[in-house]
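# Observations on the three-dimensional arrangement
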Amino acid sequence: MQMNTQERFLIKMNRIITYSIIIGLCFFISYISVNGTNAIAQRDSVGNISYKLPDTWNAVESEKQFRLLEITLNTNEDFSLVLFSNIQGTADQNIERWINQFKKDDFFNQENIIIKRDSLDNKYITLLEMYGNYEVPNMGNLSQEKTLKNNYGLLGGVIEFPNSFYFVKAVGLNSAISSNKDNFERFIYSIRLN
């Protein structure tokens, strides 16, 4: 039985389409094997981690020791966030240190300190939220008087992977901290090892 011209044309078109799909799939797999999935998932990377940044945040890679990222808000509100790695201490020691950066005065209320812990498959997360009068740390210069910032809040997070720890600390005016709490948690949970 002989094929007519139309049948031969359809067979050729089917082959061209099939080969095009196979070649496109090979290019896609090659791209992912070289570049990973971060670009497709709109994730950014720093060091050996990737993360998803909220739309209202600006991040720059830090050149300071132990700091990976420094983040501010698009709105220029009084809010700053730092992502650290390889700093001293356990999760609990750093949480306690952050709590102690608030002045123990009439406005300080232990009940306003919220600590949450979450265990996931490959990481353990500790979150801190608190408000009060923040004493800006005078890193290394103990003779310098601490600056006091009233009506301030702090969001802290520790992400523990089996062989590495990452610390995230955001400080700012109460309004900026409380309005960015959900973004902060989404950012923390988005952090993963590359």
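### Side note on the sheet that holds strand β5 (residues 79–85)
Taking strand neighbours across the sheet as the criterion, the 7 strands line up as β3-β4-β5-β9-β8-β7-β6 in an open arrangement whose pairing is antiparallel. A single partner strand is all that each edge strand has here, and the edge strands are β3 (57–61) and β6 (114–119). Going across the sheet, the axis of each strand differs from the next one's by a mean of 20 degrees, ignoring polarity. Here strand β4 (residues 67–73) pairs with β5 via 4 bridges, running antiparallel.

### Topic: the packing of aromatic side chains
All told, the structure shown has 7 aromatic pairs when counted by the stated rule. Among the aromatic residues, those joined into a cluster by ring pairs are Tyr 51, Trp 57, Phe 79 and Phe 187.

### Examining the side chain of Asn 133
Looking at the element boundaries, Asn 133 is found in strand β7 (residues 124–136). Given a relative accessible area of 6%, Asn 133 falls into the buried group. Within the local environment of Asn 133, its side chain forms a polar contact with the backbone nitrogen of Asn 151, the two atoms lying 3.3 Å apart.

### Some words on the confidence of the model for the protein
Looking at the protein as a whole, the pLDDT averages 86, with 89% of positions reaching at least 70. Taken element by element, the predicted model of the protein shows its lowest mean pLDDT in helix α1 (residues 5–35) (81) and its highest in helix α4 (residues 181–190) (96).

### Examining the nonpolar core
Formed by 26 residues in total, the largest nonpolar core has its most connected members in Trp 57, Leu 81, Leu 83, Val 168, Phe 184, Phe 187 and Ile 191. Looking at this core, the elements that each hand over two or more residues are β2 (49–51), β4, β5, β7, β8 (147–161), β9 (164–173), α3 (174–179) and α4. Here the element with the most residues in this core is β4; it accounts for 4 residues. In this structure, Phe 187 is in contact with Tyr 51, Lys 52, Leu 53, Pro 54, Trp 57, Leu 69, Ile 71, Leu 81 and Val 168, ignoring residues within four places of it in sequence.

Criteria and thresholds
- Residues numbered from 1 in each chain as written.
- Predicted model: local features only at pLDDT ≥ 70, side-chain atom pairs only at ≥ 80, totals over all residues.
- Heavy atoms only, no water.
- Pairing = 2+ DSSP bridges.
- Helix = DSSP H or I, 4+ residues; strand = E, 2+ residues; numbered from the N terminus.
- Axes fitted to C-alpha atoms, helices over the stretch in contact; angles between N-to-C directions.
- Phe/Tyr/Trp six-rings, centres within 6.5 Å; stacked < 30°, edge-to-face > 60°.
- Buried < 20%, exposed > 50% of the residue type's maximum accessible area, 1.4 Å probe, protein only.
- Polar contact = N/O pair within 3.5 Å; in protein donor to acceptor, adjacent residues only side chain to side chain.
- pLDDT = per-residue confidence, 0-100.
- Core = buried A, V, L, I, M, F, W, Y, C linked by side-chain atoms within 4.5 Å.
- Contact = heavy atoms within 4.5 Å.

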